[in-house]
Amino acid sequence: MKTYEELDGLELDTIREIGSIGTGNAATALSSMLESEVRISVPEVRIMGYNEAIDWIGGPEVITAGVLVQLSGEINGIMLSVQQMDFVNLVLERMAGRRVAGYEELTELDRSALAEVGNIMISTFINALSGLADITTRLTVPAFAVDMQGAILTVPMAEFGGQSDYIMTIGADFLCDGQKVPCRLLLSPDIRSLNFLLKKLGVLDG
């Protein structure tokens, strides 16, 4: 079985295409939730080491919010939506008519709304992936946390770090009413699931 770092050009291109289609669907879902047009820039999909991924989303000690969902069924793994402050305020402005200066100002209602937004984005992404590969995937109830980014990423590291030191990162910008907001998603299927997925998509023999 191939690990992330062993993927060739065609396999990486396929993963990038999955990221592009998935984030496009996530933007459409976000548009519906916010009742405002949300467009998305061309996503950058990369395979990164965990430490590189933490630096990519701002550094280990930066406080952020994250929505984490576990995948099971034909694909096992974890998907994380990183909700930085610009994203949080984009959601709160349109759903609650207000902004916050920091994560400590989030109410329980705010947290619930952000968890639901993250869950719908992840679910829409995974549904697009499942449709492309003709697979069945179940998702857990989303977990919402505010913590240092390094701490939030220790969950996928603890789950799959023994199999690979790499993770798939998907970065793009949401564009809404002239505002540019970073979108950061991290997807970590386990190694068996990665190989199964690529076989189902017809780019890996065996």
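We now turn to the structure provided with this report.

The rules behind the values
- Residues numbered from 1 in each chain as written.
- Predicted model: local features only at pLDDT ≥ 70, side-chain atom pairs only at ≥ 80, totals over all residues.
- Heavy atoms only, no water.
- Salt bridge = Lys/Arg side-chain N within 4 Å of Asp/Glu carboxyl O.
- Buried < 20%, exposed > 50% of the residue type's maximum accessible area, 1.4 Å probe, protein only.
- Helix = DSSP H or I, 4+ residues; strand = E, 2+ residues; numbered from the N terminus.
- Expected span 1.5 Å × (residues − 1).
- Polar contact = N/O pair within 3.5 Å; in protein donor to acceptor, adjacent residues only side chain to side chain.

All right, on to the pattern of salt bridges then. A side chain with one charge may pair with a side chain of the opposite charge, provided their charged atoms come close. Counted under the stated rule, the structure contains 9 salt bridges. Between Glu44 and Arg46 there is a salt bridge, with its nearest N and O atoms 3.9 Å apart. Accessibility expressed as a relative area gives 32% for Arg46, which makes it partly exposed. Across the pair Arg94 and Asp177 runs a salt bridge, and its minimum N-O distance is 2.9 Å. Placement of Arg94 in helix 3 (residues 85-96) and of Asp177 in the loop between strand 7 (166-176) and strand 8 (179-189) is noted, with a sequence separation of 83 residues between them. Its relative accessible area of 25% is what places Arg94 among the partly exposed residues. Among the ionic contacts, a cluster of salt bridges with common partners joins Glu93, Arg94, Arg99 and Asp177.

As a further point, take helix 1 (residues 9-34). Taking 1.5 Å of rise per residue, 26 residues should cover 38 Å, and helix 1 covers 37 Å from first to last C-alpha, within 8% of that figure. At the N-terminal boundary of helix 1, the capping side chain belongs to Asp8, with an oxygen 3.2 Å from the backbone nitrogen of Leu10.

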